[in-house]
Amino acid sequence: MKTCLIVIDAQESFRQRPYFTDADLPAYMAAQNALIDGCVALGVPIVRVFHVDGPKLASNAFALESGHVKPLAELNTFEAAATFHKNRHSALVGTGLDVWLVQNGIQKLIISGIRTEQCCETTTRHAWDLGWRVDYCLDATLTWDMQHLDGSVLTAADIKARTAAVLKDRFATICSVQQALAGAKG
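About the thresholds
- Residues numbered from 1 in each chain as written.
- Predicted model: local features only at pLDDT ≥ 70, side-chain atom pairs only at ≥ 80, totals over all residues.
- Heavy atoms only, no water.
- Helix = DSSP H or I, 4+ residues; strand = E, 2+ residues; numbered from the N terminus.
- Rg over C-alpha atoms; globule rule 2.2 N^0.38 Å.
- Buried < 20%, exposed > 50% of the residue type's maximum accessible area, 1.4 Å probe, protein only.
- Axes fitted to C-alpha atoms, helices over the stretch in contact; angles between N-to-C directions.
- Parallel < 35°, antiparallel > 145°, perpendicular 65-115°, else oblique.
- Left-handed = near helix turned anticlockwise from the far one by under 90°.
- Contact = heavy atoms within 4.5 Å.
- Nonpolar A, V, L, I, M, F, W, Y, C, P; charged D, E, K, R; others polar.
- 1 Å grid on protein atoms, 1.4 Å probe; cavity = no way out; pocket = protein on both sides within 12 Å on 5 of 7 lines; lining within 4 Å.
- Points joined across faces, edges and corners; volume = space filled by probe spheres on them.
- Expected span 1.5 Å × (residues − 1).
- Pairing = 2+ DSSP bridges.

**Student:** Please explain the overall build of the chain as it appears in this structure.
**Tutor:** On a plain count of helices and strands, the chain comes out with 5 helices and 8 strands. Start at the N end of the chain and walk to the C end: the helices and strands fall as β-α-β-β-α-β-α-β-β-β-α-β-α. Against the compact-globule benchmark of 16 Å for 186 residues, the chain has a radius of gyration of 16 Å, which places it among compact chains. In the chain, which comprises 186 residues, the proportion classed as buried is 49%.

**Student:** What's the story with the packing of helix α1 (residues 25-42) against helix α5 (residues 177-185) in this structure? I'm lost.
**Tutor:** The relative placement of two packed helices comes down to the angle between their axes together with the axis-to-axis distance. Relative orientation of the contacting elements α1 and α5 amounts to 15°, with a least axis distance of 10 Å. Put simply, α1 runs roughly parallel to α5. In the packing of α1 onto α5, the handedness of the crossing is right-handed. Together, Ala31, Ala34, Leu35, Gly38, Cys39 and Leu42 of α1 and Val177, Ala180, Leu181, Ala184 and Lys185 of α5 make up the contact between the two elements. Residue classes in the contact of α1 with α5 are distributed as 9 nonpolar, 1 polar and 1 charged.

**Student:** Could you clarify how one ought to interpret the layout of surface pockets in this entry?
**Tutor:** Taken as a whole, the largest pocket encloses approximately 210 Å³ of empty space. Considering the residues around the largest pocket, the lining is formed by 14 residues, among which His51, Phe62, His89, Gln118 and Cys119 are closest to the centre. Here the lining of the largest pocket is built from residues that sort into 4 nonpolar, 5 polar and 5 charged.

**Student:** Quick question: what am I supposed to make of helix α4 (residues 156-167) here?
**Tutor:** Two residues of an α-helix separated by three or four positions point the same way, owing to the 3.6 residues in each turn. Here α4 contains 12 residues, and its C-alpha end-to-end distance of 16 Å stays within 8% of the 16 Å for a straight helix at 1.5 Å per residue. Those residues of α4 that are buried lie in contact with α3 (116-129), β5 (133-142), β6 (146-147), β7 (153-154) and β8 (173-175). Within two residues after α4, aspartate 169 carries a phi angle of roughly 65°, on the positive side.

**Student:** Just to check I follow, could you spell out unusual backbone geometry for this structure?
**Tutor:** Both trends apply: most residues other than glycine have a negative phi, and most peptide bonds are in trans. The omega torsion of the bond from isoleucine 114 to arginine 115 falls at -15°, within 30 degrees of zero and hence cis. Mapped onto the elements, arginine 115 comes out in the loop between β4 (108-114) and α3. The phi dihedral of aspartate 9 falls on the positive side, at around 55°, and the residue is not glycine. In this structure, aspartate 169 takes a positive phi of about 65° despite not being glycine. You can see aspartate 169 is positioned in the loop between α4 and β8.

**Student:** Where do I start with the environment of leucine 64 in this structure?
**Tutor:** Within the element layout of this structure, leucine 64 appears in the loop between β2 (46-51) and β3 (82-86). Beyond its immediate stretch of four places on either side in the chain, leucine 64 contacts Val52, Val69 and His85.

**Student:** What is the right way to read the sheet that holds β4 from this model?
**Tutor:** Taking strand neighbours across the sheet as the criterion, the 6 strands line up as β3-β2-β1-β4-β5-β8 in an open arrangement whose pairing is parallel. Sheet topology places β3 and β8 at the edges, where each strand pairs with a single neighbour. Strand-to-strand twist of the sheet, defined as the mean angle between neighbouring strand axes without regard to direction, takes the value 25°. Pairing geometry for strand β1 (residues 3-8) and β4, over 6 bridges, is parallel. For valine 7, the partnering residue across the bridge sits in β4 and is serine 112. In the packing of α3 onto the sheet, the strands contacted are β1, β3, β4 and β5, and the crossing angle to β5 comes to about 175°. Sheet strands in contact with α4 are β5 and β8, and its direction is about 175° off that of β5.

What follows is the structure, given as structure tokens:
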């Protein structure tokens, strides 16, 4: 089964957001880079997706004009098989990624990147509904704490646990980096 790694929104834009903290960044980067390096070693194509949205101004961190729509500084260098810009949560909406995947005979996706519960989860659900098998590499996703309606904190760890629970066996296989790479070999 031909597999492709999708690296979603692993971009410098997030450093400009008030919620950004690098508390979980080292663990995420270790997992994301191990996944990238493993896919490169296996010859698995890697697709890069950047979120580009909002006014085309240098002050908007998600505009190309800002200079922040580029890979995270800690991300290992790799040659992307393709690069797409999206302006929706799903990387499959309006980008041409779906066409590229079909044209390249991709049957299974490994999902990784930023944010766990937003673009990574949404792309996973969408991909499954379109017929792709999906390995959701939870270790290689990153998110930050959020607030409940009552003002209490929903931790990043709880968000990741919730995402794993709602995707597992419905929309994806939840896996580690090692499991994703082992599944990409076959």
